[in-house]
Amino acid sequence: RFLRAVRLLQWLQLPWLERVTRSARVITMTTIRSLPALFWALALLAAIIYTFSAFLVMGLSNKLPAASSPQVPEVLSLHFGSLGETCMSLTQAITGGRDWGDLSTALAQVGWHYRAFLLSYVCFMLIGVLNIATGVFVDFAFQASQLDPHLRIQD
């Protein structure tokens, strides 16, 4: 009976539990350590979206009459009628919330250069900014996982 109790206590020291939870610990620590980078990435995205939205709204305000006018297509006033709606539409265009082709078709009714502006925005954000942000997060995750002393001892 004594040997059984000793074996049970050895098993309850849970070295196997540490091996099992290693991945969860790494994910948790890397997420916590990359929160400042996440904040600045979101701030940069918000600034870029706001800037593109402001240019788009300023350009459309000269081309379009009042939003309630019957000459304005409903889709334009719905998605580009105000700065807030334009920011939301541009955010949805890069995150998959709205098909940017539909937005492009609506903008083509006003002029081809608005369609080109939206295309350049989508390409810049998807190919440039979001890929760089992903690379930064991967680098932060790698650096954070190297800082964990338990992992360095095990490796």
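Look up: the structure comes first, before these words.
One numbering rule holds for all chains: residues counted from 1, following each sequence as written. Owing to the predicted nature of the model, reporting of local features is limited to residues with pLDDT of at least 70; listing and counting of side-chain atom pairs is limited to 80 or more, with chain, interface and lining totals taken over all residues. Side-chain numbers here rest on the full set of heavy atoms in the structure, without hydrogens or water.

(A) Broad picture of the overall build of the protein. Going along the chain from the N terminus, every DSSP run of H or I of four or more residues is numbered as a helix, and every run of E of two or more is numbered as a strand. Scanning the protein from terminus to terminus reveals nine helices and zero strands. Seen in sequence order, the protein has helices and strands lined up from the N terminus as α-α-α-α-α-α-α-α-α. When burial is assessed residue by residue, the protein has 26% of its 155 residues classed as buried. Any two residues having at least one pair of non-hydrogen atoms within 4.5 Å are treated as being in contact. Of all intrachain contacts in the protein linking residues separated by at least 6 positions in sequence, the fraction that spans at least 24 positions is 72%. All accessible-area figures derive from a Shrake-Rupley calculation using a 1.4 Å probe, and residue coverage is judged against the displayed protein chains alone. For the protein, the exposed surface amounts to about 10,500 Å²; the carbon and sulfur share of it is 67%. Each residue is assigned to one of three classes by its accessible area relative to the maximum for its type, calculated with a 1.4 Å probe on protein chains only: buried under 20%, partly exposed between the two thresholds, exposed over 50%.

(B) Layout of the packing of helix α4 (residues 35–63) against helix α6 (residues 83–95). Fitted lines through C-alpha atoms give the axes, limited to the stretch in contact for helices. The angle between two N-to-C directions lies from 0 to 180 degrees. One can describe the packing of α4 onto α6 by two numbers: an axis separation of 9 Å at closest approach and a directional angle of 125 degrees. The angle between α4 and α6 places the two elements in the oblique class. In the packing of α4 onto α6, the handedness of the crossing is right-handed. Between α4, through I49, Y50, F52, S53, A54, L56 and V57, and α6, the contact on the second element is made entirely by L83, T86, C87, L90, T91 and I94. Polarity classes work like this: nonpolar for Ala, Val, Leu, Ile, Met, Phe, Trp, Tyr, Cys and Pro, charged for Asp, Glu, Lys and Arg, and polar for all others, with Gly in that last group. Partitioned by chemical class, the residues of the contact of α4 with α6 number ten nonpolar, three polar and no charged. Any angle that falls under 35 degrees is termed roughly parallel, while one over 145 is termed roughly antiparallel, one within 65 to 115 roughly perpendicular, and all others oblique. In this scheme the crossing of two helices becomes right-handed for a clockwise turn of the near helix relative to the far one and left-handed for an anticlockwise turn of less than a right angle.

(C) Local environment of a nonpolar patch on the surface. Each patch is assembled from residues with relative accessible area greater than 30% and no salt bridge, linking like charges that lie within 9 Å and nonpolar side chains (Val, Leu, Ile, Met, Phe, Trp, Tyr) that lie within 5 Å. The term salt bridge refers to a side-chain nitrogen of Lys or Arg lying within 4 Å of a carboxyl oxygen of Asp or Glu. A contiguous nonpolar surface patch, about 260 Å² in accessible area, is contributed by L35, L38 and L42. Position of L42 relative to the elements: it lies in helix α4.

(D) Region of the structure containing the nonpolar core. Put simply, buried Ala, Val, Leu, Ile, Met, Phe, Trp, Tyr and Cys residues joined by side-chain atoms within 4.5 Å make one nonpolar core. Within the largest apolar cluster, 22 residues are counted, with the highest numbers of intra-cluster contacts made by L107, Y121 and M125. When residues of this core are traced back to their parent elements, those giving at least two are α4, α5 (74–80), α6, α7 (100–108) and α8 (112–147). Setting aside residues no more than four positions away along its own chain, Y121 makes contact with I49, F52, L90, T91 and I94.

(E) Inspection of the side chain of H79 at higher detail. Mapping H79 onto the fold places it in helix α5. Given the relative accessible area of 8%, H79 is considered buried. With sequence-adjacent residues up to four places away left out, H79 is seen in contact with E85, T86, S89, R98 and L103.

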